[in-house]
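The chain contents come next:
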Amino acid sequence: MVGQEHVLRALINALDNDRLHHAYLFTGTRGVGKTTVARIFAKSLNCETGVTSNPCGECSACREIDEGRFIDLIEVDAASRTKVEDTRELLENVQYAPTRGRFKVYLIDEVHMLSTHSFNALLKTLEEPPPHVKFLLATTDPQKLPVTILSRCLQFNLKRMSPEMIVGHLEHVLSEEGVKFDQAALAMIAEGADGSMRDALSLLDQAIAYGGGKLVEDEVRAMLGTIDRSYVFRLLQGLADNDAMSVLETINGLAMQGVDFSAVLAELVSQLHKLALTQIAPQAIEGTADQETLTSLAQKISPEDLQLYYQIGLIGRRDLPFAPELRSGFEMVLLRMLAFRPDSAVGQLVGKSAAPAGKTTTTPQRVAATMASSAPAPVERSATVESQPVKPVNPGSSKWHDVVEQLGLKGMAYQLAANSNMLGREGNVIRLALSPQHASLRSKAMEQRLQDALNKFYGEQIKLEFVSGVDAQQTPAGIQQKKAEDRQQAAVDEINTDPNVQRIREVFDAQVVTDSVRPVE
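Analysis parameters
- Residues numbered from 1 in each chain as written.
- Predicted model: local features only at pLDDT ≥ 70, side-chain atom pairs only at ≥ 80, totals over all residues.
- Heavy atoms only, no water.
- Salt bridge = Lys/Arg side-chain N within 4 Å of Asp/Glu carboxyl O.
- Helix = DSSP H or I, 4+ residues; strand = E, 2+ residues; numbered from the N terminus.
- pLDDT = per-residue confidence, 0-100.
- Contact = heavy atoms within 4.5 Å.
- 1 Å grid on protein atoms, 1.4 Å probe; cavity = no way out; pocket = protein on both sides within 12 Å on 5 of 7 lines; lining within 4 Å.
- Points joined across faces, edges and corners; volume = space filled by probe spheres on them.
- Nonpolar A, V, L, I, M, F, W, Y, C, P; charged D, E, K, R; others polar.
- Pairing = 2+ DSSP bridges.
- Axes fitted to C-alpha atoms, helices over the stretch in contact; angles between N-to-C directions.
- Left-handed = near helix turned anticlockwise from the far one by under 90°.
- Polar contact = N/O pair within 3.5 Å; in protein donor to acceptor, adjacent residues only side chain to side chain.
- Core = buried A, V, L, I, M, F, W, Y, C linked by side-chain atoms within 4.5 Å.
- Buried < 20%, exposed > 50% of the residue type's maximum accessible area, 1.4 Å probe, protein only.
- Phe/Tyr/Trp six-rings, centres within 6.5 Å; stacked < 30°, edge-to-face > 60°.
- Expected span 1.5 Å × (residues − 1).

Engineer: Can you explain the pattern of salt bridges? Please cite residues and give values.
Structural biologist: By the definition in use, this model includes 15 salt bridges. With a shortest N-O distance of 3.0 Å, R30 and D199 are connected by a salt bridge. Here R30 is found in the loop between β1 (23-27) and α2 (34-46), whereas its partner D199 is found in helix α9 (residues 197-210), with 169 residues between them in sequence. A salt bridge links E460 to R425; the nearest nitrogen and oxygen atoms lie 2.8 Å apart. Taken together, the residues E460 in the loop between α21 (444-458) and β8 (463-468) and R425 in strand β6 (residues 420-426) connect sequence positions 35 residues apart. Among the charged side chains, a salt-bridge network with shared partners connects E48, E64, E67, R69 and R100.

Structure below.
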């Protein structure tokens, strides 16, 4: 029972402490040991040495269970016996004591295949089970079981096997059998098993037969039809070197072998993931067969490029079935990776020259890296605006917005001045119009702070008079806001009309998030 220690620990404690339940449910994907652990548990219950977590395996009960002929272990394949009549026939002898063993054990495999009426019939027995009966249920799809059944079972979820676990067990088996093997061949079998130890053992038997009693990497690859990773690493090297001809030559070599390009793209994406892991957590690939190659490539490709390539690869896998042919679709995915490299091709397409004063310039690295994602993502816009310093005005100047900027006010006093407009001056009296929506800014304290600042600015005692009704857009704050909105809209318009950005949007089905566009003052 490789990799299922969490299940074994619970069952061992239950057996050793005599805390047995009447029904157990084992769930998990195919080939992880659901039926196996149920049979071992049946041996533990009926071993002639007593109820134990370590059955002897030598007594008649243990041997008969191993051979599938123990009369008190009733194994049922629910997939072939779904009718309620079958279930009733099965359960009609539940009330009778076991013939030879200590417990009568019902092992129902793929229990989720039972009909609704069959579940109802089983439920009656689970509600009031005889003390001499144990139910061991196994399923790959526990969601299909009624909650009334689930609530009456102790549920154990068996985990998928990791490739490392599978390789370790296969090494043990082959060492015991005296079979020579390549480590890379075992790794391919473990990946092909997709988490199932049973599938791994079946593939192992097939590979030994195919290789004439030994396991060699090339022969196992040919048997499984897997991709030679050296070609994938050559593709990655071509991307790292920005060498389109090398990439196309490698693709031609793959085509000569008649490979499935959808499988090649899947392997390429998988290796990009491993490269990202290598950059962030090198210990994650320690001991793997490709560690040296991955480490070398990880030093040549930037993390930003890796993320971009990975995203392009994912989108390419989605779109590959729509290509006229798989090879041309695969070529376009690789060429797309080269074309939209943030630090090379896109920089040449968009241009890195500085824009004239007052114009916006695109930052190609940010645009390409962000727009490559098909999901909405923030796209920053870099804008350079030539700053024009405010010229000092004469104390008698009528440009109120220039005066406000030179008063040195802050906080609410500044807001009071900025949201007002100067109607005129008579002697030492300045009349200000305040927009109605900002009337709450007026207070004696804020008016006094503004008046003190004006006294200092003009060098004489100033009196203020406020009237209501000015258009907010005519105030200094309104004028500033309008200028900011115009700059923002200009930046948005330019990024939307940029032909290179339009191309990225078209290729990747991406969109510009206008709220994220920011001109730089």
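Engineer: Can you tell me about the confidence of the model for the protein chain, naming the residues and giving the values?
Structural biologist: Residues with a pLDDT of 70 or more make up 87% of the protein chain, whose mean pLDDT is 80. Scored below 50 in pLDDT, residues 343-391 makes 101 contacts in the model with residues more than four places away or belonging to other chains. This model gives residues 393-398 a pLDDT under 50, and the stretch forms 10 contacts once residues within four places in sequence are excluded.

Engineer: A description of the layout of surface pockets should follow, citing residues and the corresponding values.
Structural biologist: Empty pockets left among the atoms are what a rolling probe the size of a water molecule brings to light. Of the voids in this model, the largest pocket is the one considered here, and its volume is about 710 Å³. Along the wall of the largest pocket there are 24 residues; nearest its centre are P163, E164, E191, K274 and T288. When grouped by side-chain class, the residues that make up the lining of the largest pocket number 11 nonpolar, five polar and eight charged.

Engineer: Account for the sheet that holds strand β2 (residues 73-77), naming residues and giving values.
Structural biologist: In sheet architecture, strand pairing relies on hydrogen bonds along the backbone and comes in two forms, parallel and antiparallel. What the five strands build is an open sheet, ordered β2-β3-β4-β1-β5; its pairing is parallel. The open sheet has two edge strands, β2 and β5 (154-157), and neither has a second partner. Ignoring strand direction, the axes of neighbouring strands in this sheet form an average angle of 15 degrees. The pairing of β1 with strand β4 (residues 133-139) spans five bridges and is parallel. If you follow Y24 over to β4, its bridge partner there is L136. The strands touched by α2 within the sheet are β1, β2, β3 (104-109) and β4, with β3 carrying the most contacts at an inclination of about 180 degrees.

Engineer: Summarise the packing of helix α11 (residues 229-240) against helix α13 (residues 261-280); cite the residues concerned and give the values.
Structural biologist: Their axes nearest at 10 Å, the elements α11 and α13 cross at an angle of 65 degrees. Taken as a pair, α11 and α13 cross one another with a handedness that is right-handed. In this structure, α11 contributes R229, V232, F233, L235 and L236 to the contact, and α13 contributes V264, E267, L268, Q271, L272, K274 and L275. Here the residues of the contact of α11 with α13 sort into eight nonpolar, one polar and three charged.

Engineer: Report on empty space enclosed by the protein, specifying residues and quantitative values.
Structural biologist: Within the structure shown, the criterion is met by two cavities of 30 Å³ or more. Taken as a whole, the largest cavity holds about 50 Å³ of empty space. Taken together, V76, R81, D86, T87, L90, I108 and L114 make up the full set of residues lining the largest cavity. Considering each element in turn, the lining of the largest cavity owes the most residues, three residues, to helix α4 (residues 84-91). Its residues placed into classes, the lining of the largest cavity shows four nonpolar, one polar and two charged.

Engineer: Which residues make up the side chain of H132, and what values go with them?
Structural biologist: The topology assignment puts H132 in the loop between α5 (116-127) and β4. A polar contact is formed between the side chain of H132 and the backbone oxygen of V94, at a distance of 3.0 Å. Not counting residues up to four positions away in its chain, the partners in contact with H132 are V94, Q95, Y96, A97, P98, F103 and K104.

Engineer: Help me get a handle on the nonpolar core, residues and values and all.
Structural biologist: Counting residues in each nonpolar core, the largest one holds 44 residues, and the members touching the most others are L11, F26, L136, I166, I189 and L215. Considering every element that reaches this core, the biggest residue donor is helix α8 (residues 183-193), with six residues. Apart from the residues lying within four places of it in its own chain, the contact partners of I189 are L170, A200, L203, L204, A207, L215, V220 and L224. Membership of the second largest hydrophobic core comes to 40 residues, among which are A240, V259, L265 and A276.

Engineer: An account of the sheet that holds β6 is requested, with residue identities and associated values reported.
Structural biologist: If you trace the three strands from one edge of the open sheet to the other, you get β6-β7-β8, paired in mixed fashion. Every other strand in the sheet has two partners, leaving β6 and β8 as the edge strands with one partner each. Strand-to-strand twist across the sheet, computed as the mean angle between neighbouring axes with direction ignored, equals 25 degrees. In this structure, strand β7 (residues 429-434) lies alongside β8, joined through six bridges in parallel fashion. Residue pairing in the sheet places A433 in a bridge with V467 of β8.

Engineer: Residues and numbers for the packing of aromatic side chains, please.
Structural biologist: With the rule as written, the count across this model stands at seven aromatic pairs. Relative to F330, the ring of F261 lies with its centre 5.3 Å away and its plane at 40 degrees, an arrangement referred to as tilted. Of this pair, F261 sits in helix α13 while F330 sits in helix α16 (residues 326-339), and the two are 69 residues apart along the sequence. A residue is classified by how much of its surface remains accessible, and F261, at 5% relative accessible area, is buried. We classify F330 as buried; its relative accessible area is 0%.

Engineer: Tell me about the side chain of S44, residues and numbers included.
Structural biologist: Relative to the helices and strands, S44 resides in helix α2. Of note is the side chain of S44, whose polar atom sits 3.2 Å from the backbone oxygen of T52. Apart from the residues lying within four places of it in its own chain, the contact partners of S44 are L15, G50, V51, T52, S53 and P55.

Engineer: Can you lay out α13 for me, pointing to particular residues and giving the numbers?
Structural biologist: Side chains that are three or four residues apart share a direction in an α-helix, a result of its 3.6 residues per turn. Given a rise of 1.5 Å per residue, 20 residues ought to cover 28 Å, and the 29 Å separating the end C-alpha atoms of α13 matches this to within 8%. If you check which residues of α13 are buried, you get F261, V264, L265, E267, L268, V269, Q271, L272, L275, A276 and T278. On its buried face, α13 is in contact with α11, α12 (244-256), α14 (291-300), α15 (303-319) and α16.

Engineer: Outline unusual backbone geometry, supporting the account with residue identities and numerical values.
Structural biologist: One non-glycine residue, D18, adopts positive backbone phi at about 55 degrees. Mapped onto the secondary structure, D18 falls in the loop between α1 (5-16) and β1. For N242, which is not glycine, the phi dihedral falls at a positive 55 degrees. In this fold, N242 is placed in the loop between α11 and α12.

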